[in-house]
Amino acid sequence: MTTKTEKEINEQPEKFGRILKEYDVISHDLLSFLKDAEKFSEIDFVGCGSSYYLAMGLSSHLNRLSKGKVISKYFSGSEVAFDLRTLPKDAVLIGISRSGESSETVMALRKAKENGVKTCAITCNSKSELANIADISSNLDFVSEESVVMTQSFTSMAFLGTSIIRDLFDRDLKDYMKSIQNISSKILEDSKILFDKVKPENYEHFVFLGYDEYFASSMEGVIKVSETSLTPAEAYQTLEYRHGPKSKVNNKTLAVILSNDLMKLEEEKMAKEIEKLGGSVIGISRSNIVVNSLIVPVGDFSDWFVRVIPLQIIGVRKSLKKGLSPDEPKNLTKVVKF
Ligand code: F1P
């Protein structure tokens with residue numbers, strides 16, 4: 001019997017196709033608002049849980065594409081909601097939220113607005129408090145998950161946000177968006193083939209490694225594996241792993257390295273160090289860094305959220321192996337409100 005989470009993971013290419021088809025309408029208001037992005041001192045992102053790592057990935061990609069012309073920061077909802085961070089008046093704060101109801105994210109946007117900061121939202125619920133508070137919102141109401149676990153909502157909001165960022169800097173948008181849909185279908189299929197061979201569900205310790213946007217993907221992988229399978233998982237910048245954390249490598253360790261073009265040779269060496277210690281490694285990269293690799297045609301970070309798909313599948317396979325239900329993670333609710 002297929003769980004809701006598996007169904008929602010498998011639907012991601014189809015959702016990306018709909019975002020591609022309806023992009024001009026969905027993105028119009030937010031894109032117009034953010035045009036001439038240099039006029040803002042900062043374009044920052046805020047979210048909770050998976051949406052916090054989504055904020056992290058979008059912020060990293062905006063800094064990369066703006067080449068210093070626009071500064072972007074990312075925050076968890078609580079950092080802004082409880083005044084640990086304040087934003088300059090000429091900043092924009094973009095709230096990211098599947099439900100649009102997470103109290104800390106809603107409070108963060110309200111706080112920013114009180115301080116004269118412009119506010120936007122990317123959410124899967126146009127009728128939500130967040131969409132209502134924001135000056136401008138981009139909504140994906142056709143992404144409606146039944147599972148507590150965020151899978152297609154994470155990648156769909158990330159795809160929309162990444163596309164809008166690329167649109168702001170005049171990148172080859174439609175080709176990019178079409179390629180992402182194709183890459184997502186292929187990585188879904190390739191993951192199933194590879195995982196039937198590697199059997200990630202037989203491991204007890206997961207390590208996800210990457211830089212920048214791929215570090216955000218790795219952190220999302222930690223949340224996915226943790227909440228669905230209650231199994232130890234950790235994430236680091238790839239080479240940081242050798243500075244202490246690798247002490248825990250054993251023959252039950254499975255590391256996934258989300259390799260980028262700039263660091264490939266060094267990340268290949270890190271993979272060999274882990275294998276020498278008895279651990280197993282899967283690569284996600286433009287070309288093989290280890291025998292068991294998922295090959296994707298880009299290593300420039302623009303596919304950062306697509307690389308979360310194999311990590312989602314690892315979480316579900318481990319969860320089912322342990323006789324757990326990935327649809328109802330222990331101790332978790334779909335929305336955290338107080
Ligand atoms: C944020 C979130 C989810 C998590 C759980 C609790 O939700 O932390 O990431 O999986 O559902 O809420 P949202 O603000 O994106 O709706």
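Only a predicted model underlies this, so the values are computations on that prediction, with no experimental measurement involved. (Residues numbered from 1 in each chain as written. Predicted model: local features only at pLDDT ≥ 70, side-chain atom pairs only at ≥ 80, totals over all residues. Heavy atoms only, no water.)

Asker: Could you give an account of the nonpolar core, naming the residues involved and the relevant values?
Answerer: Counting residues in each nonpolar core, the largest one holds 82 residues, and the members touching the most others are Leu34 and Phe305. Taken together, domain 1 (4-171) and domain 2 (184-321) each give at least three residues to this core, which thus spans both. Counting 15 residues, the second-largest nonpolar core is a separate cluster that includes Leu87, Val117, Leu130 and Ile133. (Core = buried A, V, L, I, M, F, W, Y, C linked by side-chain atoms within 4.5 Å. Buried < 20%, exposed > 50% of the residue type's maximum accessible area, 1.4 Å probe, protein only. Domains from an automatic or database assignment.)

Asker: Account for the packing of aromatic side chains, naming residues and giving values.
Answerer: Centre distance and the angle of the planes are the two values used to describe a pair of aromatic rings. One pass over the full model with this rule turns up 11 aromatic pairs. Ring centres of Phe154 and Trp304 lie 6.1 Å apart, and the angle between their planes is 80 degrees; on these two criteria the pair is classed as edge-to-face. Of this pair, Phe154 sits in helix H7 (residues 152-168) while Trp304 sits in the loop between strand S10 (293-295) and helix H11 (308-321), and the two are 150 residues apart along the sequence. The residues Phe154 and Trp304 share a single accessibility class, namely buried. Between the aromatic rings of Phe159 and Phe305, the centroid separation amounts to 5.8 Å while the plane-to-plane angle is 35 degrees, which identifies the pairing as tilted. Here Phe305 lies in the loop between S10 and H11 and Phe159 lies in helix H7, a separation of 146 residues in the sequence. No difference in accessibility class separates Phe159 from Phe305, as the two residues are buried. By the ring-pair criterion, three or more aromatic residues cluster together here, those being Phe16, Phe154, Phe159, Tyr176, Trp304 and Phe305. (Phe/Tyr/Trp six-rings, centres within 6.5 Å; stacked < 30°, edge-to-face > 60°. Helix = DSSP H or I, 4+ residues; strand = E, 2+ residues; numbered from the N terminus.)

Asker: Can you lay out the sheet that holds strand S1 (residues 42-47) for me, pointing to particular residues and giving the numbers?
Answerer: Strand order in the open sheet formed by five strands is S2-S1-S3-S4-S5, and the pairing between neighbours is parallel. Only two strands of the sheet have a single neighbouring strand rather than two, namely strand S2 (74-76) and strand S5 (136-139). Put simply, the sheet's adjacent strands are angled 20 degrees from each other on average, direction ignored. The pairing of strand S4 (residues 118-123) with S5 spans four bridges and is classified as parallel. Along S5, the bridge assignment pairs Cys120 with Ile136. In the packing of helix H3 (residues 50-66) onto the sheet, the strands contacted are S1, S2 and strand S3 (91-97), and the crossing angle to S1 comes to about 160 degrees. (Pairing = 2+ DSSP bridges. Axes fitted to C-alpha atoms, helices over the stretch in contact; angles between N-to-C directions. Contact = heavy atoms within 4.5 Å.)

Asker: Can you lay out helix H2 (residues 12-34) for me, pointing to particular residues and giving the numbers?
Answerer: Note on helix geometry: an α-helix contains 3.6 residues per turn, so any two residues three or four positions apart are oriented the same way. Its 23 residues give H2 an end-to-end C-alpha distance of only 27 Å, which falls more than 12% under 33 Å, the value for a rise of 1.5 Å per residue. The largest bend in H2 amounts to roughly 75 degrees and is located at Glu22. Positive phi appears at Asp36, one or two residues downstream of H2, with a value of about 50 degrees. (Expected span 1.5 Å × (residues − 1). Bend = angle between axes of the 7 residues up to and from the residue.)

Asker: Which residues make up the domain arrangement of the protein chain, and what are the values?
Answerer: Partitioning the protein chain into domains gives domain 1 (4-171) and domain 2 (184-321). The straight-line distance from the C-alpha centre of domain 1 to that of domain 2 is 25 Å. Taken residue by residue, the interface counts 26 residues in domain 1 and 26 residues in domain 2. The interface formed by domain 1 and domain 2 holds two salt bridges in total. For Asp212, the salt bridge goes to Arg64, with nearest N and O atoms at 2.8 Å. If you look at where domain 1 meets domain 2, you find 11 residue pairs in polar contact (both at pLDDT 80 or more). Secondary structure elements with two or more residues in the side of domain 1 that touches domain 2: helix H1 (4-10), H2, H3 and H7. Counting residues per element, the side of domain 1 that touches domain 2 draws most heavily on H3, which supplies nine residues. (Salt bridge = Lys/Arg side-chain N within 4 Å of Asp/Glu carboxyl O. Polar contact = N/O pair within 3.5 Å; in protein donor to acceptor, adjacent residues only side chain to side chain.)

Asker: Please set out the site of the ligand residue by residue, giving values where relevant.
Answerer: As a matter of local geometry, the ligand sits amid 14 residues, with Ser51, Ser97, Arg98, Ser99 and Ser102 nearest to it. Note that an oxygen atom of the ligand is positioned 3.0 Å from one of the backbone N or O atoms of Ser50. Lys334 places a polar main-chain atom, nitrogen or oxygen, 2.9 Å from an oxygen atom of the ligand. Here the ligand loses 95% of its free accessible area of 380 Å² to cover by the protein chains. (Near = heavy atom within 4 Å. Areas by Shrake-Rupley, 256 points an atom, 1.4 Å probe, with all protein chains shown as cover.)

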